[in-house]
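# Commentary on secondary and tertiary structure
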Amino acid sequence: MAPSAERKVNFGLIGLGRHGSRYATHLLKDVPQAKLVAVCRRDREQGQAFAHRHGLIFCSDYHQLIENPGVQAIAIVVSPDLHLDICRHAVAAGKHVLLEKPLARNLAEGRQLKDLLDNARIKFMLAQTLRFNSVVREIKRLKDRVGKIHLAAFNQRMERHKLGWLDDPHVAGGGNILHTGVHIFDLIHFLLEEEVEWAWCRTGRVYHQRTEDIFAALLGLEMGKTICLVDSCKVTGGRSGRIELVGERGQLVGDHVLGTLIHIEDRRAVSLELPSSVHTVQKVLEAFANCILDDQTPSITAQDGLRTLRVAEMCYRSAQNGMVAKRRSYLNEGNIESK
Ligand SMILES: NC(=O)c1ccc[n+]([C@@H]2O[C@H](COP(=O)([O-])OP(=O)(O)OC[C@H]3O[C@@H](n4cnc5c(N)ncnc54)[C@H](OP(=O)(O)O)[C@@H]3O)[C@@H](O)[C@H]2O)c1
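What counts and what doesn't
- Residues numbered from 1 in each chain as written.
- Predicted model: local features only at pLDDT ≥ 70, side-chain atom pairs only at ≥ 80, totals over all residues.
- Heavy atoms only, no water.
- Patch = residues over 30% accessible without salt bridge, like charges linked within 9 Å, V, L, I, M, F, W, Y side chains within 5 Å.
- Areas by Shrake-Rupley, 256 points an atom, 1.4 Å probe, with all protein chains shown as cover.
- Salt bridge = Lys/Arg side-chain N within 4 Å of Asp/Glu carboxyl O.
- Helix = DSSP H or I, 4+ residues; strand = E, 2+ residues; numbered from the N terminus.
- Buried < 20%, exposed > 50% of the residue type's maximum accessible area, 1.4 Å probe, protein only.
- Pairing = 2+ DSSP bridges.
- Contact = heavy atoms within 4.5 Å.
- Axes fitted to C-alpha atoms, helices over the stretch in contact; angles between N-to-C directions.
- Expected span 1.5 Å × (residues − 1).
- Polar contact = N/O pair within 3.5 Å; in protein donor to acceptor, adjacent residues only side chain to side chain.

## As for a nonpolar patch on the surface
On the surface, a cluster of nonpolar side chains totalling about 440 Å² of accessible area is made up of L151, W200, L218, I227, L229 and V324. Structurally, W200 is set in strand β8 (residues 196-204). Taking relative accessible area as the criterion, W200 reaches 30% and is therefore assigned partly exposed.

In structure tokens form, the structure reads like this:
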């Protein structure tokens, strides 16, 4: 589909909840390459009021939004139970797709989605928003300073959430492992550029009834045999997101929530100056719109999403049976995933 004459991509947004509202704000105000033309949510009254306020089309049925000829690209910011159906319709209609993580509710559904997208002639990008965080990008840029990395630690701690569907396995697909863990699993691949080969995991429930709101895992990486310690919880009054890369020559210790980065060498810790912080959703939207306008392949693929789902599945299996889960049991032989 040809971009509009003023080099803007016309977006339709599905989901105007907690996170979708951030997409709406950036699409309306801060992304020169994009124009929000239509929105969709279930609540007709609130959706119509929002659309009226901003001069947009409102659809309470996402099929209508996808089929609207004025919409070139769809941003999908809803629960994962809807991802496959929305993507199927978007692909059939030839609309580009920007999809919030996780790719799907589980690995099997993720594979269906990837197969669908592999055969589609649209641009697809998975919104792993943390890849655009300035602390994360600085750690990636500086990681050679610490030499060969043998140990890494990642955690994410946040407050109890209020969304009911996040504790419904049919809608959410899983708990903290699937919804926050995938951010960390993606960071491991993004920063260390290796596959997770094995996983040992324990989960817990504090406020949740049906899915885990705490997990801790040990993950072993493929080539360098690096070990990663990972934990995440949604049960605390403070928010943080620590990343530690422990190399032969020193350490980088950052926090992508608090916006800090320290370089440790010998017994000295030096705080590093960071580029100014960015709105990650804005950066994701800019990157995706540029790919459409310049006919480039987006940097975060369905394969990346499938990889994080595989690590999530390994963690769930390990938590269930108490054993170490190995990556080779989850590869789809003959599929690109096995490479
Ligand atoms: N990258 C990140 O850091 C990050 C952060 C937060 C969330 N997320 C992801 O973003 C997604 C949404 O999370 P959220 O926190 O925004 O959830 P949320 O607040 O519950 O919002 C979900 C939205 O989806 C809409 N919706 C549900 N079913 C629909 C349907 N059948 N047709 C059209 N719209 C429908 C809801 O409409 P109504 O409100 O009208 O019912 C609501 O606007 C999740 O996949 C989550 O993992 C990512």
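Structure shown, so let's carry the discussion forward.
## What to know about the sheet that holds strand β15 (residues 325-326)
Pairing within the open sheet is mixed, and its nine strands lie in the order β14-β13-β12-β11-β7-β10-β9-β8-β15. Each end of this open sheet is capped by a strand with a single partner; those strands are β14 (268-271) and β15. Where β8 lies against strand β9 (residues 214-221), eight bridges are found, and the strand directions are antiparallel. Each bridged residue has a counterpart across the sheet, and for R202 the counterpart in β9 is A216. Along the sheet, helix α10 (residues 302-321) contacts β8, β9 and β15; its crossing angle with β8, the most-contacted strand, is approximately 55 degrees.

## Examining the sheet that holds strand β5 (residues 96-100)
As summarised here, the arrangement of the six strands in space is β3-β2-β1-β4-β5-β6, forming an open sheet in which the pairing is parallel. Both edges of this open sheet fall to β3 (57-59) and β6 (124-127), since each of them pairs with a single strand only. Neighbouring strand axes in the sheet, compared pairwise and without regard to direction, differ in orientation by 25 degrees on average. Pairing geometry for strand β1 (residues 9-14) and strand β2 (residues 34-40), over six bridges, is parallel.

## Quick notes on the side chain of H179
Residue position: H179 is located in helix α8 (residues 176-192). Under the relative-accessibility criterion, H179 is labelled buried at 7%. Once residues within four sequence positions are removed from consideration, H179 is found in contact with P80, K101, P102, W165, L166, A172, G174 and K234.

## Focus on helix α5 (residues 107-118)
With twelve residues, α5 should cover 16 Å at 1.5 Å per step; its first-to-last C-alpha distance of 16 Å lies within 8% of that length. Among all positions in α5, only L107, E109, G110, R111, L113, K114 and L117 are buried. Check the buried side of α5 and you find it contacts α4 (83-92), β5, β6 and α10. Its side-chain oxygen at 3.3 Å from the backbone nitrogen of A108, N106 defines the N-terminal cap of α5.

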